[in-house]
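Structural description and commentary
If you want the building blocks of each chain, they are given just below.
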Amino acid sequence: MNISTLMQRALRPSQKAYAHCDIPCGIYDPATAQLGAETVEKMMTLMAAADAGNINSMARYIAIKEQHAEMVKHEVRIIWGDFMKPPDLATAPELHDVVWEIMRLGSACRQGTDVADAAALRTKVDEFADIFAKVKATR
Amino acid sequence: MRFMTLVAAVVLFVALAAFATRWLRRTFAPVEVAGESMTPALLPGEYLLLRRDSLADGEQAYGQIVALRDRSGRLLLKRVVGLPGESLRAGADVQINGRALVERYAHGVTPAAQYRGIDRLGPDEHFVLGDRRDASTDSRNFGPVRAASIEGVAALRYWPPGRVGLLRRPRREFAAVDGADAPRR
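So, here's what we can say about the structure.

Criteria and cut-off values
- Residue numbers here run from 1 along each chain, matching the order of that chain's written sequence.
- Written order decides the labels, with chains lettered from A and ligands numbered from 1.
- Restriction of local features to residues with pLDDT of at least 70 applies here, the model being predicted, together with a cutoff of 80 or more for giving and counting side-chain atom pairs; totals for whole chains, interfaces and linings are based on all residues.
- Each side-chain value is worked out from all heavy atoms of the structure, with water and hydrogens disregarded.
- Strands here are runs of E lasting at least two residues and helices are runs of H or I lasting at least four, both read from the DSSP assignment and numbered beginning at the N terminus.
- Each residue gets one of three labels from its accessible area relative to the maximum for its type: buried under 20%, exposed over 50%, partly exposed in between, using a 1.4 Å probe on protein chains only.
- Residue contacts are defined here by distance: any two heavy atoms, one from each residue, within 4.5 Å place the two residues in contact.
- Here's the idea: put two parts together, see how much 1.4 Å probe accessible area each one loses, and the total over both is what we call buried area.
- When a carboxyl oxygen of Asp or Glu lies within 4 Å of a side-chain nitrogen of Lys or Arg, that pair is called a salt bridge.
- Contacts described as polar in this section are N or O atom pairs within 3.5 Å, which, within protein, must combine one atom able to donate a hydrogen with one able to accept it, while residues neighboring in sequence count only if both atoms come from side chains.
- Amino acid classes used here: Ala, Val, Leu, Ile, Met, Phe, Trp, Tyr, Cys and Pro are nonpolar; Asp, Glu, Lys and Arg are charged; the rest, including Gly, are polar.
- By this definition, two strands are paired if DSSP reports at least two bridges between them.
- What makes a patch is a set of residues exposed beyond 30% relative accessible area and free of salt bridges, joined within 9 Å when like-charged and within 5 Å when nonpolar (Val, Leu, Ile, Met, Phe, Trp, Tyr).
- Per-residue and other accessible areas were derived by the Shrake-Rupley procedure at a 1.4 Å probe size, with only the shown protein chains allowed to occlude residues.
- To get an axis, a line is fitted to the C-alpha atoms, and for a helix only the part in contact is used. The angle between two axes follows their N-to-C directions and goes from 0 to 180 degrees.
- An angle below 35 degrees is read as roughly parallel, one above 145 as roughly antiparallel, one from 65 to 115 as roughly perpendicular, and any other as oblique.
- The hand of a helix crossing depends on one turn: near helix anticlockwise from the far one by less than a right angle means left-handed, and clockwise means right-handed.
- A helix is expected to span 1.5 Å for every residue after the first.
- In this count, Lys and Arg are taken as positive residues and Asp and Glu as negative ones, while His and the chain termini are left out.

Brief notes about the overall build of chain A
- Check the secondary structure of chain A and you find five helices and one strand.
- Helices and strands appear in chain A in the N-to-C order α-β-α-α-α-α.
- Of all 139 residues assigned to chain A, the portion counted as buried reaches 32%.
- Counting only contacts in chain A whose residues sit at least 6 apart along the sequence, the fraction spanning at least 24 positions is 73%.

Considerations on the interface of chain B and chain A
- Taken together, the 22 residues of chain B in the interface contact 15 residues of chain A.
- Of the roughly 1900 Å² buried between chain B and chain A on both sides combined, carbon and sulfur atoms contribute 57%.
- Our enumeration of links across chain B and chain A arrives at one salt bridge.
- For B:Glu32, the salt bridge goes to A:Arg12, with nearest N and O atoms at 3.0 Å.
- Inspection of the chain B/chain A interface yields eleven residue pairs in polar contact (both at pLDDT 80 or more).
- The element contributing the most residues to the side of chain B that touches chain A is strand S1 (residues 28-34) of chain B, with five residues.
- Its residues placed into classes, the side of chain B that touches chain A shows twelve nonpolar, five polar and five charged.
- Both strand S1 (residues 15-18) of chain A and S1(B) contribute to a ladder of four bridges, which runs parallel. Considered in S1(B), the bridge of A:Lys16 is made with B:Glu32.

Remarks on the environment of B:Arg140
Residues and elements named next belong to chain B.
- Position of arginine 140 relative to the elements: it lies in helix H2 (residues 139-142).
- In this structure the C-alpha to C-alpha distance between arginine 140 and threonine 110, which are 30 residues apart in sequence, comes to 9.2 Å.
- Excluding residues within four positions of it along the chain, arginine 140 makes contact with Ala90, Thr110, Pro111, Gln114, Arg116, Phe127, Leu129 and Arg133.
- Reaching out from arginine 140, the side chain makes a polar contact with the backbone oxygen of serine 136 at a distance of 3.2 Å.

A word on the sheet that holds strand S7 (residues 99-102) of chain B
Residues and elements named next belong to chain B.
- Judged by pairing direction, the sheet is antiparallel, and its five strands sit side by side in the order S8-S5-S6-S7-S13 without closing on themselves. Both edges of this open sheet fall to strand S8 (116-118) and strand S13 (173-174), since each of them pairs with a single strand only.
- For S7 and S13, the ladder comprises two bridges, and the chain directions are antiparallel. Paired with leucine 101 across the two strands is phenylalanine 174, which belongs to S13.

Here's the deal with the pattern of salt bridges
Residues and elements named next belong to chain A.
- Under the criterion given, the structure shown has 23 salt bridges over all chains.
- For glutamate 66, the salt bridge is made with arginine 110, and the minimal N-O distance between the two is 3.0 Å. On the criterion of sequence distance, the pair formed by glutamate 66 in helix H3 (residues 55-83) and arginine 110 in helix H4 (residues 95-111) is long-range, its members being 44 residues apart.
- For glutamate 66, a relative accessible area of 24% gives the class partly exposed.
- Judged by its relative accessible area of 33%, arginine 110 falls in the partly exposed class.

A word on a nonpolar patch on the surface
- Nonpolar side chains collect at one region of the surface, where B:Phe3, B:Met4, B:Val7 and B:Val11 lie side by side and expose about 410 Å² of accessible area between them.
- Relative to the helices and strands, B:Met4 is located in helix H1 (residues 2-27).

Some points on the packing of H4(A) against helix H5 (residues 115-138) of chain A
Residues and elements named next belong to chain A.
- Close contact between H4 and H5 brings their axes to 9 Å; oriented N to C, the two are set at 150°. Between H4 and H5, the angle is such that the two are roughly antiparallel. The hand of the H4/H5 crossing is left-handed. Residues Leu95, Val98, Val99, Glu101, Ile102, Leu105, Gly106, Ala108 and Cys109 of H4 touch H5, and the partners they reach there are Asp117, Ala118, Ala120, Leu121, Lys124, Val125, Glu127, Phe128 and Ile131.
- Per-class residue counts for the contact of H4 with H5 are 13 nonpolar, one polar and four charged.

Topic: H3(A)
Residue and element names in this part refer to chain A.
- Here H3 contains 29 residues, and its C-alpha end-to-end distance of 41 Å stays within 8% of the 42 Å for a straight helix at 1.5 Å per residue.
- All of the buried residues in H3 are Ser57, Met58, Tyr61, Lys65, His68, Ala69, Val72, Lys73, Val76, Ile79 and Phe83.
- Along its buried surface, H3 packs onto helix H2 (31-49), H4 and H5.

Here's the deal with the side chain of A:Lys65
- When you line up the elements, A:Lys65 lands in helix H3.
- Buried charge without a partner: A:Lys65 forms no salt bridge, and the closest opposite charge is A:Glu66, 4.3 Å away.

Let's talk about the pairing of S1(B)
Residue and element names in this part refer to chain B.
- Among the seven residues of S1, five are classified as buried, and the element is accordingly described as predominantly covered.
- Alignment of S1 against strand S2 (residues 47-51), held across five bridges, turns out to be antiparallel. Considered in S2, the bridge of glutamate 32 is made with tyrosine 47.

Bear in mind that shape data such as this cannot, by itself, settle questions of function.
As structure tokens, then:
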């Protein structure tokens, strides 16, 4: 035992103070991202069919599309960064590519109005959800 | 005579040591940090001295890391962000009286379920938040805290040796009206 450990033991307070979080951590679910991707696609479809003169409806579609596309990116980043671990690449070697595609398509959906981008985003998020289920089954 | 001097010195030393220990215990309380909601200001496993003192008045209370008891009796460490009499919204940013606070110590985004708005904090109420906004249970959950429930103010970190120092409170800053100084995400 070195001096540092001895000192640490001697100085250790008897009381703990919690910089805590009671929110249950360790709960991961790609369902929110899947719902978000579906919403983006739905908004794009509505925008394509909407009367461009109806500014209020169009503004609402755009706002929801923006919000959900960003949410998809956020939710996927959390699962990718917090839940996935390097050994999971053995189960899902395509993981990083799929996440990268989701980030790229999420941004494309925010920037543009191409329904094909939204459909591709939904497909990739579904693929990510499959990867998640596969990895979770190994834990 | 020499013996008596020695005895007197020993008695004086013991009395002084006892007095100093008593004073230290009454003035400070050592605690170990557990959990990560105050990172990067406080890391789990660090040892702090809490000053058993009431909060400073007015603006001086802002930014202080305080220890308070929750209902289960646990001692919590959180930072004072909202002061008595203020109107506050804790969402993507924290707004005080309608002005966006610039919080260089904070990180993470408040989850939608934790959004909280207080029309006006009472004359004795403070709003406390963890620095890690996406993983902290604080006033967004249990509401404002009264000054009486604050048991101490984190004053000094004394372990690990590389991070020893006084815990200074940040200056209170608000974003410029045009948002140029607003925190970037």
